[in-house]
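Structure at a glance
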Amino acid sequence: MPNYETINSTGYYNNDALFVVKFNYVNQSFEWGTYFNGVIQDFAVDAFDNVFISGYTDRSLGISTSNAYLTSKLGNQKPFLVKLNNFGEKEWGTYVGGD
């Protein structure tokens, strides 16, 4: 189970902290949770319980992975895309577009 710093290892909270949690419907229990600094615009869950999140952030760290389309934020508010696997672990993340 990932901890709450899976994506944002700085441990910094602000007004734009985005939390993602997974609950087991059958057992009515908490499975995992994570957060990162950003504002969600949309999300989707596929047939394998992977979570895809789009949004924007003013943070330079914690979103992109090493092989991302854009690994750094180049403006004040940067759109992003993130994929979490069914265990809540970030598989990939990238900044996209501009302000």
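Read on for a plain summary of the structure.

1. Brief notes about the environment of S29
One can find S29 in strand β2 (residues 29-37). Assessed through its relative accessible area of 27%, S29 is described here as partly exposed. The residues contacting S29, other than those within four sequence positions of it, are K22, F23 and N24.

2. Quick look at the side chain of T94
By secondary structure assignment, the location of T94 is in strand β6 (residues 90-95). Polar contacts involving the side chain of T94 include one to the main-chain amide nitrogen of L70, which spans 2.9 Å. Excluding residues that lie within four positions of it along the chain, T94 makes contacts with I63, S64, A68, Y69, L70, P79, F80 and L81.

3. Points about the pairing of strand β1 (residues 17-24)
What you see with β1 is a clean split: L18, V20, K22 and N24 sit on the buried side and A17, F19, V21 and F23 on the side with no burial. Judged from the eight bridges that link them, β1 and β2 form a sheet pairing that is antiparallel. Within β2, the residue paired with N24 across the bridge is S29.

4. Looking at a nonpolar patch on the surface
Nonpolar side chains collect at one region of the surface, where V21, F23 and F30 lie side by side and expose about 290 Å² of accessible area between them. Mapping F30 onto the fold places it in strand β2.

5. So, the environment of T65
Structurally, T65 can be placed in the loop between β4 (51-57) and β5 (78-84). A relative accessible area of 16% places T65 in the buried class. Spatially, the C-alpha atoms of T65 and G93 are 5.3 Å apart, while their sequence positions differ by 28 residues. In contact with T65, other than residues within four places in its own chain, are T71, K90, E91, W92 and G93.

6. Here we look at the side chain of K83
Checked against the element boundaries, K83 lands in strand β5. Its relative accessible area of 15% is what places K83 among the buried residues. With residues near it in sequence (within four places) discarded, K83 still touches N50, V51, F52, E89, K90, E91 and W92.

7. Some points on the pattern of salt bridges
Following the criterion strictly, the structure yields four salt bridges and no others. As a salt-bridge pair, D49 and K22 come within 3.7 Å of each other at their nearest N and O atoms. Here D49 is found in the loop between β3 (39-45) and β4, whereas its partner K22 is found in strand β1, with 27 residues between them in sequence. In this structure, the salt-bridge partner of R59 is D58, at a minimum N-O distance of 3.8 Å. Judged by relative accessible area, which is 32%, D58 ranks as partly exposed. Via salt bridges that share partners, K22, E31 and D49 belong to a single interconnected network.

Analysis parameters
- Residues numbered from 1 in each chain as written.
- Predicted model: local features only at pLDDT ≥ 70, side-chain atom pairs only at ≥ 80, totals over all residues.
- Heavy atoms only, no water.
- Helix = DSSP H or I, 4+ residues; strand = E, 2+ residues; numbered from the N terminus.
- Buried < 20%, exposed > 50% of the residue type's maximum accessible area, 1.4 Å probe, protein only.
- Contact = heavy atoms within 4.5 Å.
- Polar contact = N/O pair within 3.5 Å; in protein donor to acceptor, adjacent residues only side chain to side chain.
- Pairing = 2+ DSSP bridges.
- Patch = residues over 30% accessible without salt bridge, like charges linked within 9 Å, V, L, I, M, F, W, Y side chains within 5 Å.
- Areas by Shrake-Rupley, 256 points an atom, 1.4 Å probe, with all protein chains shown as cover.
- Salt bridge = Lys/Arg side-chain N within 4 Å of Asp/Glu carboxyl O.

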